[in-house]
Amino acid sequence: MAHSLLSHDVYNEEKISAMAYYPHPYLPLLENTSTTLFPKFSDETVGHKRLKRTTSTNSLNGMSRLQFRDHIWTYSQRYLAAEAVEAAAAAVMGSSEDGKTEEDEAGDEMRLVYLLVSCTEAVACRDKPRASALLSELRASTLVFGSSFQRVASCFVQGLADRLALVRPLGAVGFVEPTMNLMDHASDKKEEALGLVYELCPHIQFGHFVANSAILEAFEGESFVHVVDLGMSLGLAHGYQWRQLIQSLADRAGPPLRCLRITGVGLCAERFLVIGDELEAYAQSMGIHLEFSVIESNLENLRPKDIKQKDSEVLVVNSILQLHCVVKESRGALNSVLQIIHELSPKVLVLVEQDSSHNGPFFVGRFMEALHYYSAIFDSLDAMLPKYDTRRAKMEQFFFAEEIKNIVSCEGPARVERHEKVDQWRRRMSRAGFQPAPLKIVAQAKQFLGKIKACDGYTILEEKGCLVLGWKSKPIVAASCWKC
């Protein structure tokens, strides 16, 4: 893998305070308070003084020597701890929270933000002694079962520690690439966490609903239809999206559907085939003939000839949280995928992506955008689940934390969580020759949120023909529809 090089200009840019990159005045975490969580670092503001530089011996210099088995042990301990806390929850929840008032907690979180920003700047400047000292202090203040901001901060602390272990010292150029993805060895836990995210958070279900609504409209009156699914919704078990589509096709009025074809694209061929067998059995029970096939390929290596089309069939392409993974520095990979899709001439392409800017050129700015975005998600989890619910810990630590750590600690080809705002996707799609197909189902989408009993705080807005799911006005996921 090629190393991602840091130019002299980029290095100087990273020295600027993170506030210069941060457009948002607050994090949606603390209600009924006028105190912002992100202080302005000017001479006359906040009473917090900058921490003195230190060469604390309690540093992370030994992290790079951490053995792989130690990483796996850490994941296992974190998982077992989440299980164990549930048993003690009743006793703990009856006690006071260290006697702290809301003002005390707000002050603690203000200080936590300050430490995070200072540590991020130190890591960006490759100041290992200072970053190590700040990380040590941050670890003492971030708890897996603390407040929503403490929990999200703990994930960013993990990412900063990983990045610090990989960064080269001052005077050197480049970035040490991670040797392997540790979560490949914790796939069962990640799979469980993904299932919980689907079940408890409306993010993916919202995407499936909007996508299926657009697909049903494209298939109206057609007898032979074909769906190409990029990534099969992250490999989510049982093919939930397509079960819902099959049921809707079976219930529709008009001419009967003679054949539905679904082609899954991804590297998890065996997993996809299991899902396909389940879907074929379900479709047969609904009186629909389904043909399921798999293209074992990542999106970057996909070729038009891999997708077999039949005469007279209507084709649609479905992408749920997938295309951001092929957004690279050169943009060539994404352009290639979009060109292939355009050559297939689908009646519609449904695109669902995280609506946030996590692909900026500067690390500090990217960090701050991600902190704001995931703080909103962790805040929503607070509203959905009790404090000591282990399901929440599993979602946070084995799903969202992995996204956070990829954004924070990785560079070059290893960084795949390159989320972008819906406006940027509009520009990309337009340059690739696609035209927007406005979604006009805001009312139905809101009814769907009520049907799945999404908690209060979630919003759905229409923005230039796209539908945006948000949490307390902060965009989370955007769905759009495109035609050739």
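First things first, this report covers the structure right here in the doc. For clarity, every value in this text was computed on a predicted model and none was experimentally measured.

With 101 residues, the main nonpolar core has Leu 116, Phe 156, Phe 219, Leu 260 and Tyr 374 as its most contacted residues. Here this core gets 12 residues from one element, more than from any other, and that element is helix α12 (residues 363-384). Inspection of this core shows a minimum of three residues originating in each of domain 1 (111-166 + 364-410) and domain 2 (201-355 + 419-441 + 477-483). Once residues within four sequence positions are removed from consideration, Phe 219 is found in contact with Val 225, His 226, Val 227, Leu 249, Arg 252, Leu 260, Val 314 and Val 316. Core analysis: the second largest hydrophobic core is formed by 24 residues, Ile 295, Val 317, Leu 338 and Phe 434 among them.

What follows is about empty space enclosed by the protein. Applying the stated rule across the entire model yields 4 cavities of 30 Å³ or more. When its volume is computed, the largest cavity comes out at roughly 70 Å³. Lining the largest cavity, in full, are Val 197, His 203, Ile 204, Leu 321, Gln 354, Tyr 373, Ile 377, Phe 399, Phe 400, Glu 403 and Val 477. Contributing elements (two or more residues each) for the lining of the largest cavity: α7 (202-218), α12 and α13 (390-409). No other element matches α13, which puts 3 residues into the lining of the largest cavity. Its residues assigned to classes, the lining of the largest cavity shows 8 nonpolar, 2 polar and 1 charged. Residues from two domains meet in the lining of the largest cavity; each of domain 1 (111-166 + 364-410) and domain 2 (201-355 + 419-441 + 477-483) gives at least three. Its volume calculated, the second largest cavity comes out at about 60 Å³. If you go around the second largest cavity, the residues you meet are His 208, Asp 229, Met 232, Ser 233, Leu 236, Gly 239, Tyr 240, Gln 241 and Trp 242. Broken down by secondary-structure element, the contributors of at least two residues to the lining of the second largest cavity are α8 (232-235) and α9 (240-251).

A full pass over the atoms with the stated rule returns 10 aromatic pairs. Each ring, one from Tyr 458 and one from Trp 471, has its centre 4.9 Å from the other, and the planes form 65°; the classification is edge-to-face. Of this pair, Tyr 458 sits in strand β7 (residues 458-463) while Trp 471 sits in strand β8 (residues 466-471), and the two are 13 residues apart along the sequence. For Tyr 458, a relative accessible area of 10% puts it in the buried group.

The next point concerns the packing of α7 against helix α15 (residues 442-451). Look at α7 against α15: their axes get within 11 Å of each other, and the N-to-C directions meet at 140°. If you check the angle between α7 and α15, you find them oblique. In the packing of α7 onto α15, the handedness of the crossing is right-handed. Residues Pro 202, Gln 205, Phe 206 and Phe 209 of α7 form the contact with α15, whose participating residues are Gln 444, Ala 445, Phe 448 and Leu 449. For the contact of α7 with α15, the per-class residue count stands at 6 nonpolar, 2 polar and no charged.

The element β8 is largely enclosed, with a buried count of 6 among its 6 residues. Because side chains alternate across β8, one face comprises the buried residues Cys 466, Val 468 and Gly 470, and the other comprises Leu 467, Leu 469 and Trp 471, equally buried. Both β7 and β8 contribute to a ladder of 6 bridges, which runs antiparallel. What sits directly across from Thr 459, in β8, is Gly 470. What sits between β7 and β8 in their antiparallel hairpin is a turn of 2 residues, with Lys 464 showing a positive phi close to 55°. Direction of pairing for β8 relative to strand β9 (residues 474-483): antiparallel, over a ladder of 5 bridges. Looking across to β9, one finds that Leu 467 is bridged to Ala 479. Counting the residues that bridge the hairpin from β8 to β9 gives 2 residues, and of these Lys 472 lies at a positive phi of roughly 50°.

The α-helix advances 3.6 residues per turn, and as a result positions three or four apart in sequence lie on the same side. Between its terminal C-alpha atoms helix α6 (residues 187-200) stretches 20 Å, which fits the 20 Å expected from 14 residues at 1.5 Å a residue. For α6, every residue scored as buried is listed here: Ala 193, Leu 194, Leu 196, Val 197 and Tyr 198.

A word on helix α11 (residues 332-344). Over its 13 residues, α11 runs 19 Å from end to end, which matches the ideal 18 Å to within 8%, given 1.5 Å per residue. Among all positions of α11, only Ala 333, Leu 334, Val 337, Leu 338, Ile 340, Ile 341 and Leu 344 are buried. Buried residues in α11, looked at end-on, bunch into an arc of 155°, giving them a common side.

A few words now on the pattern of salt bridges. All chains considered together, the criterion is met by 20 salt bridges. Arg 111 serves as the salt-bridge partner of Glu 137, at 2.0 Å between the closest nitrogen and oxygen. Remark: Arg 111 occurs in helix α3 (residues 102-124) and Glu 137 occurs in helix α4 (residues 128-139); sequence separation between them is 26 residues. The exposure class of Glu 137 is partly exposed, given its relative accessible area of 26%. On the basis of relative accessibility, which here comes to 32%, the residue Arg 111 falls in the partly exposed class. Of the charged contacts in the structure, one is a salt bridge between Lys 394 and Glu 192, with a shortest N-O distance of 3.2 Å. Here Glu 192 lies in helix α6 and Lys 394 lies in helix α13, a separation of 202 residues in the sequence. The network of salt bridges with common partners includes Arg 151, Asp 382, Arg 392 and Glu 396.

Calculation notes
- Residues numbered from 1 in each chain as written.
- Predicted model: local features only at pLDDT ≥ 70, side-chain atom pairs only at ≥ 80, totals over all residues.
- Heavy atoms only, no water.
- Core = buried A, V, L, I, M, F, W, Y, C linked by side-chain atoms within 4.5 Å.
- Buried < 20%, exposed > 50% of the residue type's maximum accessible area, 1.4 Å probe, protein only.
- Helix = DSSP H or I, 4+ residues; strand = E, 2+ residues; numbered from the N terminus.
- Domains from an automatic or database assignment.
- Contact = heavy atoms within 4.5 Å.
- 1 Å grid on protein atoms, 1.4 Å probe; cavity = no way out; pocket = protein on both sides within 12 Å on 5 of 7 lines; lining within 4 Å.
- Points joined across faces, edges and corners; volume = space filled by probe spheres on them.
- Nonpolar A, V, L, I, M, F, W, Y, C, P; charged D, E, K, R; others polar.
- Phe/Tyr/Trp six-rings, centres within 6.5 Å; stacked < 30°, edge-to-face > 60°.
- Axes fitted to C-alpha atoms, helices over the stretch in contact; angles between N-to-C directions.
- Parallel < 35°, antiparallel > 145°, perpendicular 65-115°, else oblique.
- Left-handed = near helix turned anticlockwise from the far one by under 90°.
- Pairing = 2+ DSSP bridges.
- Expected span 1.5 Å × (residues − 1).
- Arc of directions from axis to C-beta.
- Salt bridge = Lys/Arg side-chain N within 4 Å of Asp/Glu carboxyl O.

Everything listed here is a matter of geometry and, on its own, says nothing about what the molecule does.
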